[in-house]
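Spelled out from the first residue to the last, the chains are:
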Amino acid sequence: MTSMSRARVARRIAAGAAYGGGGAGLVGAAAVGLLLAEVQMAKRHVGNGTADRVPSAEGLYGRAYAVPGEPPLRLVMLGDSTAAGQGVHRAGQTPAALLASGLAAVAERPVELRNVALPGAQSDDLDRQVAQVTSGGDPVPDVCVIMIGANDVTHRMPPTRSVRHLSAAVRRLRTAGAEVVVGTCPDLGTIEPVQQPLRWLARRASRQLAAAQTIGVVEQGGRTVSLGDLLGPEFAANPRELFGPDNYHPSAEGYATAAMAVLPTVCAVLGLWPADEERPDVSRREGFLPVARAAAEAASEGGTEVTAAMPTGPRGPWALLKRRRRRRVNEPEPTSEPSEPSEPSAQPS
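Residues numbered from 1 in each chain as written. Predicted model: local features only at pLDDT ≥ 70, side-chain atom pairs only at ≥ 80, totals over all residues. Heavy atoms only, no water.

Enquirer: Can you help me understand unusual backbone geometry in this one?
Expert: Both trends apply: most residues other than glycine have a negative phi, and most peptide bonds are in trans. For arginine 156, which is not a glycine, the phi torsion comes out positive at approximately 60 degrees. If you trace the backbone, arginine 156 turns up in the loop between α6 (150–154) and α7 (159–176). Of the residues examined, arginine 156 reaches a relative accessible area of 54% and is grouped as exposed. Although it is not a glycine, arginine 285 adopts a positive phi angle of roughly 60 degrees. Here arginine 285 lies in the loop between α11 (252–269) and β7 (287–290). (Helix = DSSP H or I, 4+ residues; strand = E, 2+ residues; numbered from the N terminus. Buried < 20%, exposed > 50% of the residue type's maximum accessible area, 1.4 Å probe, protein only.)

Dropping the structure here:
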């Protein structure tokens, strides 16, 4: 599928989400019988991607940067098992911990991390998660990071419904005063036990949803970072290193790859990234595009950021497409740890 075709599909899904259309599933009905057989076979190999425990990484990071009277930055993670960090054994290996310690190092300021993500969650669980974040009298987070979408594809949630729930979550968080960064649906076509033609269909469905998510998020004032390619060719080329023991969730190295792709955008949205990095770099094929086209291009290239840029014109809303430099997976990880490490806690999958 060409970039322009993906853009048209993404526009239709996003429009259906905005105007209340039910929408069809991402996979045609003719393929359902074959898909169900392939899914059952994949599940037997993957074991449904479940794990007994998800380590809790909540706490204060970058304590050494504390200044009396200055509150820490507040970072909240929402989403599914990828946001929760399912598949690793230590809190410091989760994407939330890596983001919090990286943000503390860049800001030279402590970061208070809260994680309300739930393994197995679909986009319709975001309403509950956002309520946890915005109610109870807690201060408004400075930035919220959402990773969601994989379970929507595997459970065949209509994409318009998926995008509608995500857009509503972003709108509520932005209205409350938080910045929002969304890691879009990863490429499910890279899961090792999944065979053709399910692998091709899963990749197509994942990228279509990721592009539609981008349109919905940008329209509500959030930014997106594509995880598709990060959890795609890199994982396909080195699955033993980047997938965890269940061959479904990322390993510690895989989570580091994803988290360090999201970190520059988290820093940028808080005004912490170098000013010269905010200007589009033509040599990296960055620039202003209609939002649907930017979304389609980002869906197939991991680490690509999309943010609103210009008012709506004759070709619709425009966005800035950026390919930010990111840390390679074999570079040193941030060393900041929570001031009071939490014990791992069991969560339902």
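Enquirer: Quick question: what am I supposed to make of the packing of helix α4 (residues 95–107) against α11 here?
Expert: Two quantities define a packed helix pair, namely the angle between the axes and the distance from one axis to the other. Running from amino to carboxyl end, α4 crosses α11 at an angle of 40 degrees, the nearest separation of the two axes being 9 Å. Overall, the two elements α4 and α11 adopt an arrangement that is oblique. When the axes of α4 and α11 are compared, the crossing they make is right-handed. Only Tyr255, Ala256, Ala259, Met260, Val262, Leu263, Val266 and Cys267 of α11 make contact with α4, whose side of the interface consists of Pro95, Leu98, Leu99, Gly102, Leu103 and Val106. For the contact of α4 with α11, the residue count by class is 13 nonpolar, one polar and no charged. (Axes fitted to C-alpha atoms, helices over the stretch in contact; angles between N-to-C directions. Parallel < 35°, antiparallel > 145°, perpendicular 65-115°, else oblique. Left-handed = near helix turned anticlockwise from the far one by under 90°. Contact = heavy atoms within 4.5 Å. Nonpolar A, V, L, I, M, F, W, Y, C, P; charged D, E, K, R; others polar.)

Enquirer: How should the pairing of strand β2 (residues 73–79) be read in this particular structure?
Expert: Sheet faces and side chains relate simply in a regular strand, where the side chains alternate between the two faces. With six of seven residues buried, β2 is to be regarded as a mostly interior element. Here β2 pairs with strand β3 (residues 111–115) via five bridges, running parallel. Each residue of the ladder has a partner; that of leucine 75, found in β3, is leucine 113. In the sheet, β2 pairs with strand β4 (residues 143–147) via five bridges, with the strands oriented parallel. Within β4, the position partnered with leucine 75 by the bridge is valine 143. (Pairing = 2+ DSSP bridges.)

Enquirer: Please explain α11 as it appears in this structure.
Expert: Under the 1.5 Å per step criterion, the end-to-end length of α11 is 26 Å for 18 residues, consistent within 8% with the ideal 26 Å. By the largest-angle criterion, valine 262 marks the main kink of α11, which is about 25 degrees, and a proline, proline 264, follows within four residues. Judged by how many residues are buried, α11 sits mostly within the fold: 16 of 18 residues are covered. At the exit of α11 stands glycine 271, carrying a positive phi of roughly 75 degrees. (Expected span 1.5 Å × (residues − 1). Bend = angle between axes of the 7 residues up to and from the residue.)

Enquirer: Sorry, what's going on with the pairing of strand β5 (residues 179–183) here?
Expert: Counting buried positions along β5 yields four of five residues, so the element is predominantly enclosed. As judged from the three bridges shared by β5 and strand β6 (residues 223–225), these two strands associate in the parallel manner. Note that in β6 the partner of valine 182 across the bridge is threonine 224.

Enquirer: I tried to follow the nonpolar core on my own but got confused; where do I start?
Expert: Nonpolar side chains in soluble globular proteins tend to end up buried together. Leu75, Met77, Leu99, Leu113, Val145, Val181 and Val262 are the most contacted members of the largest nonpolar core, which has 34 residues in total. Where this core is concerned, the elements lending two or more residues are β2, α3 (81–84), α4, β3, β4 and α11. Considering each element in turn, this core owes the most residues, nine residues, to α11. With residues up to four places along the chain from it excluded, the contact list for leucine 75 reads Ala96, Leu99, Ala100, Val111, Glu112, Leu113, Arg114, Val143 and Val145. (Core = buried A, V, L, I, M, F, W, Y, C linked by side-chain atoms within 4.5 Å.)

Enquirer: What is the right way to read the side chain of glutamate 305 from this model?
Expert: Within the element layout of this structure, glutamate 305 appears in strand β8 (residues 304–313). Exposure remark for glutamate 305: the relative accessible area of 0% places this residue in the buried category. Leave out the neighbours within four places in its chain, and glutamate 305 touches Arg223, Thr224, Thr265, Leu320, Leu321, Lys322 and Arg324.

Enquirer: Can you walk me through the packing of helix α5 (residues 126–134) against α7 in this structure?
Expert: Between α5 and α7, the shortest axis-to-axis distance is 9 Å and the interhelical angle comes to 10 degrees. Relative to α7, α5 is oriented roughly parallel. Of α7, the residues touching α5 (which contributes Leu126, Asp127, Val130, Ala131, Val133 and Thr134) are His165, Leu166, Ala169, Arg172, Leu173 and Ala176. For the contact of α5 with α7, the class distribution of residues is eight nonpolar, two polar and two charged.

Enquirer: For this particular structure, what's the right way to read the environment of arginine 109?
Expert: When you line up the elements, arginine 109 lands in the loop between α4 and β3. Put simply, arginine 109 and glutamate 70 are 39 residues apart on the chain and 8.8 Å apart in space, counted from C-alpha to C-alpha. Each residue touching arginine 109, except ones within four places of it in the same chain, is listed here: Gly62, Tyr65, Glu70, Pro71, Pro72, Leu73 and Ala104. For arginine 109, the side chain forms a polar contact with the side chain of glutamate 70, separated by 3.4 Å. (Polar contact = N/O pair within 3.5 Å; in protein donor to acceptor, adjacent residues only side chain to side chain.)

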